[in-house]
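Examination of the molecular architecture
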Amino acid sequence: MTRLAAAGVALVLVLAGGCTKPKYTVTGTVKRGGEKLTWPDGGSLLVIFMPADVKADERYPARDTDIATSSYKIAGVPPGQYRVAVQQFSEKFMDALGGRYDPGHTDFTVEVKADGQVIDIDLPAAPAKGR
């Protein structure tokens, strides 16, 4: 009976391991109107991948970027549809993008399909009307 119980536990662990979604690393650059974002007075850039069905007021992990290259790298992203929030902070402005692409307002969407996927983000040079 002990062997049978051990075999059952092993089978459950194997089956449970097969049910988890893979997690990928995605990278890319962030531009605005085709130009690399710049930070004249220091600051930071956050890129946030939120599952498409997440509520606007829920928190989701943000990732800092390399401000010298305007690039980002996010690990542990399951495949699926995402809304992408981008916030550019400087010492003089709360969000240099005016909150247009913050988690509660962004309409930028992507699909994560594979490990090592490059997803470049090119925000419009001018904010959308009404914002």
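Provided above is the structure to which this section pertains.
Residues numbered from 1 in each chain as written. Predicted model: local features only at pLDDT ≥ 70, side-chain atom pairs only at ≥ 80, totals over all residues. Heavy atoms only, no water.

1. Some points on the overall build of the chain
Going by this rule: Helix and strand assignments come from DSSP, with helices taken as H or I runs of at least 4 residues and strands as E runs of at least 2, each series counted from the N terminus. The cut-offs for exposure are 20% and 50% of the maximum accessible area for each residue type, with area from a 1.4 Å probe on protein chains only; residues under the lower value are buried, those over the upper are exposed, and the others partly exposed. Throughout, a contact is declared for two residues whenever any of their heavy atoms are within 4.5 Å. Only the protein chains shown count as cover for residues, and the accessible areas themselves come from Shrake-Rupley with a 1.4 Å probe.
Counting its secondary structure elements, the chain contains one helix and eight strands. Sequence-ordered secondary structure for the chain, helices as α and strands as β, is α-β-β-β-β-β-β-β-β. Here the chain holds 131 residues, and 31% of them are scored as buried. Sequence-distant contacts, at least 24 apart, represent 72% of the contacts inside the chain between residues at least 6 apart. Roughly 8,200 Å² of accessible area belongs to the chain as shown, and the carbon and sulfur atoms make up 58% of that amount.

2. Brief notes about unusual backbone geometry
A positive phi angle is found at S70, which is not glycine, with a value near 55°. Take S70: it is sitting in the loop between β4 (62-64) and β5 (71-77). We classify S70 as buried; its relative accessible area is 0%.

3. Focus on the pairing of strand β6 (residues 80-89)
As a reminder of what qualifies: Here the rule is simple: two strands pair whenever DSSP picks up at least two bridges between them.
Most of β6 sits out of view: eight of its ten residues are buried. With eight bridges joining them, strand β3 (residues 44-51) and β6 adopt antiparallel strand pairing. Paired with V47 across the bridge in β6 is V86. Where β6 meets strand β7 (residues 109-112), four bridges bridge the pair, whose relative direction is antiparallel. Note on β7: the bridge partner recorded for G80 is V112.

4. What to know about the pattern of salt bridges
Applied cut-off: What makes a salt bridge here is a side-chain nitrogen of Lys or Arg within 4 Å of a carboxyl oxygen of Asp or Glu, nothing more.
Scanning all chains against the criterion turns up one salt bridge. Close ionic contact of D107 with R100 constitutes a salt bridge, the shortest N to O distance being 2.9 Å. Residue R100 is classed as buried on the basis of its relative accessible area of 10%.

5. With respect to the environment of R100
Position of R100 relative to the elements: it lies in the loop between β6 and β7. Taking C-alpha positions, R100 is 8.5 Å from Q87, a pair spaced 13 residues apart along the chain.

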